Amino acid sequence: MSLAAVTREDLQKGPHGIWRYHRFLPVPPDCAPVSLGEGETPLVRSAHLGPDLGLRNLYFKLEGSNPTGSYKDRIASVALTRCRAQRKPAVIGTSSGNTGAATAAYCSRAGVPYLLLTLENVSEPKLIQSLMYGARAIAVKGFGTDPQVSQAVFDMVQAVSRERGWELMITANACNPEAMQGVKTIAYEICQQLDWRAPGQVFVPVGAGGLLASCWQGFRECRNLGLVDGTPAMVSVQPEGCAHVARAFAAGRRQTDPFACTSLISGLQVPNALDGDLALDALYRSGGTALTVADADIYEAQRRLALQEGIFCEPAGAAATAGLIRAAAEGRVHPDETVVCLVTGIGFKDLDSVYAAVDTGLVPKLTLADVREKLKDLV
Ligand SMILES: *Cc1c(COP(=O)(O)O)cnc(C)c1O
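Chemist: Describe in detail the overall build of the protein, supporting the description with residues and values.
Modeler: On a plain count of helices and strands, the protein comes out with 15 helices and 10 strands. For 379 residues, the compact-globule estimate of 2.2 N^0.38 gives 21 Å, and the C-alpha radius of gyration of the protein, at 21 Å, lies within 12% of that figure. Across the 379 residues that make up the protein, the buried fraction comes to 59%. When contacts within the protein are restricted to residue pairs at least 6 apart in sequence, long-range pairs at least 24 apart make up 71% of them. Element-wise, carbon and sulfur atoms account for 53% of the exposed surface of the protein, whose accessible area totals about 16,100 Å². Charged side chains of the protein number 36 positive and 38 negative; the gap between the two group centres comes to 4 Å.

Chemist: Give me the lowdown on the layout of surface pockets, citing residues and values where you can.
Modeler: Roughly 200 Å³ of internal volume is contained in the largest pocket. If you go around the largest pocket, the residues you meet are Asn121, Val122, Ser123, Glu124, Leu264, Ser266, Gln269, Tyr299, Asp350, Asp352 and Ser353.

Chemist: Account for the site of the ligand, naming residues and giving values.
Modeler: Near the ligand lie 15 residues; those nearest to it are Lys72, Asn98, Gly207, Ala208 and Thr344. Residue lysine 72 places a side-chain N or O atom 2.7 Å away from an oxygen atom belonging to the ligand. Contact distances for the ligand include 2.8 Å between an oxygen atom and a side-chain N or O atom of asparagine 98. Surface burial for the ligand is 96%, taken as the share of its 390 Å² of free accessible area covered by protein chains. A majority-of-atoms criterion places the ligand in the largest cavity.

Chemist: With reference to specific residues and values, describe unusual backbone geometry.
Modeler: Not every positive phi belongs to a glycine, and arginine 87 is a case in point at roughly 55 degrees. The backbone of tryptophan 196 sits at a positive phi, close to 55 degrees, despite the residue not being glycine. Relative to the elements of secondary structure, tryptophan 196 occurs in the loop between helix 8 (185–193) and strand 7 (201–205).

Chemist: Lay out the packing of aromatic side chains with the relevant residues and their values.
Modeler: Scanning the model with the defined rule gives 5 aromatic pairs in all. Taking the centre distance of 5.2 Å and the plane angle of 45 degrees together, the rings of tyrosine 21 and tyrosine 188 count as tilted. Separated by 167 residues along the polypeptide, tyrosine 21 in the loop between helix 1 (8–12) and strand 1 (43–45) and tyrosine 188 in helix 8 bring together distant segments of the chain. Accessibility classification places tyrosine 21 together with tyrosine 188 in one group, the buried group. Note on phenylalanine 249 and tyrosine 284: the rings are 5.3 Å apart at their centroids and 20 degrees apart in plane angle, and the pair reads as stacked. Of the two residues, phenylalanine 249 is situated in helix 10 (residues 244–250) and tyrosine 284 in helix 11 (residues 276–286); the sequence distance between them amounts to 35 residues.

Chemist: Describe the pattern of salt bridges, naming the residues involved and giving the relevant values.
Modeler: As enumerated under the stated definition, the model contains 16 salt bridges in all. Close ionic contact of glutamate 189 with arginine 74 constitutes a salt bridge, the shortest N to O distance being 2.8 Å. Remark: arginine 74 occurs in helix 3 (residues 72–85) and glutamate 189 occurs in helix 8; sequence separation between them is 115 residues. Neither glutamate 189 nor arginine 74 differs from the other in exposure class; each is buried. Note that glutamate 221 is salt-bridged to lysine 184, the shortest N-O span being 3.2 Å. With glutamate 221 in helix 9 (residues 210–224) and lysine 184 in the loop between helix 7 (177–180) and helix 8, this pair connects stretches of sequence that are 37 residues apart. When its relative accessible area of 2% is taken as the criterion, lysine 184 is described as buried. Ionic contacts of the salt-bridge type, sharing partners, join the residues Lys61, Glu63, Arg74 and Glu189 into one network.

Criteria and thresholds
- Residues numbered from 1 in each chain as written.
- Predicted model: local features only at pLDDT ≥ 70, side-chain atom pairs only at ≥ 80, totals over all residues.
- Heavy atoms only, no water.
- Helix = DSSP H or I, 4+ residues; strand = E, 2+ residues; numbered from the N terminus.
- Rg over C-alpha atoms; globule rule 2.2 N^0.38 Å.
- Buried < 20%, exposed > 50% of the residue type's maximum accessible area, 1.4 Å probe, protein only.
- Contact = heavy atoms within 4.5 Å.
- Areas by Shrake-Rupley, 256 points an atom, 1.4 Å probe, with all protein chains shown as cover.
- Lys, Arg positive; Asp, Glu negative; His and termini not counted.
- Charge placed at Lys NZ, Arg CZ, Asp CG, Glu CD.
- 1 Å grid on protein atoms, 1.4 Å probe; cavity = no way out; pocket = protein on both sides within 12 Å on 5 of 7 lines; lining within 4 Å.
- Points joined across faces, edges and corners; volume = space filled by probe spheres on them.
- Near = heavy atom within 4 Å.
- Polar contact = N/O pair within 3.5 Å; in protein donor to acceptor, adjacent residues only side chain to side chain.
- Sits in = over half its atoms within 2 Å of the grid points.
- Phe/Tyr/Trp six-rings, centres within 6.5 Å; stacked < 30°, edge-to-face > 60°.
- Salt bridge = Lys/Arg side-chain N within 4 Å of Asp/Glu carboxyl O.

Laid out in structure tokens, this is it:
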């Protein structure tokens, strides 16, 4: 079917999850997907945070509902489907955690071994999740903090993938533009979930920039297909301690420089923005902007999402919302505008941030008799 002939009704039927959009993904139509039911994540309207900020149409896209707990599953599903179709013997890649867990899960499903190069200070839950799925992992000293080491790791992994014909899993368009197309299904879903209207602004956490760039590609495609009338402004949100895109945007530049990263937000500690140029292009073309927030603002947004919305996310998953809170305070959001914050990963991914926010010591340990007494007092 030609792309032009696609109608909203065609997309309303068909399989569930990202494979509803199979025809837009770089996978032959007769190719059975390597799938765990990724995509078709909830788009929920804000219950309390939006009203607090004076916003009537605030939505959260809950990517933590994906099978391994982050939107990286959309990429891994496309990558492993292609890998199996092309009979590649193995997968090699880098990750700060979520790509590792996603790739490891889909590799185990496809029956393909996976070698993961990760950060020295990788979040423990993300690492053990990858190991549970059977990945082999190596933590590289300086990777994720030192720009030179990080670049050398990317070069090494790309060389191995080229020489041995292994699938390359670095989740950036600069390295694997085919698999990254899985990300654009987020934009298709948002348009569909808003009854085929494009939102006004979409807030996106930015590490290497691929998530934002590929979402923008999806929104553009929806508009070009005539599925929606317009495109949203894309808003990049980065921690102050890793703000290459924001720095380049403020200077009106089209390329990012490496950034000696000091942020502690797992997933957004990316010294080299591999897709920085694409992310910047998306910001300029969409009429968007680039914001920065302190790590403390991100932890605060993480708490507010849990307390006010019932959304349990990892810090990186709360970054977009931290940016929105800032943008609303600065009067950059119209009260009636439809705004979407991407909540990119589930809370179990980074337990240190959760332990810092709650005090398990406040939970009393009582005997059954004492509990009975206590409940009597209450009623
Ligand atoms: C990967 C990731 C991001 C950032 O994506 P980039 O493409 O590197 O900008 C944001 N949040 C979470 C939870 C992630 O896993």
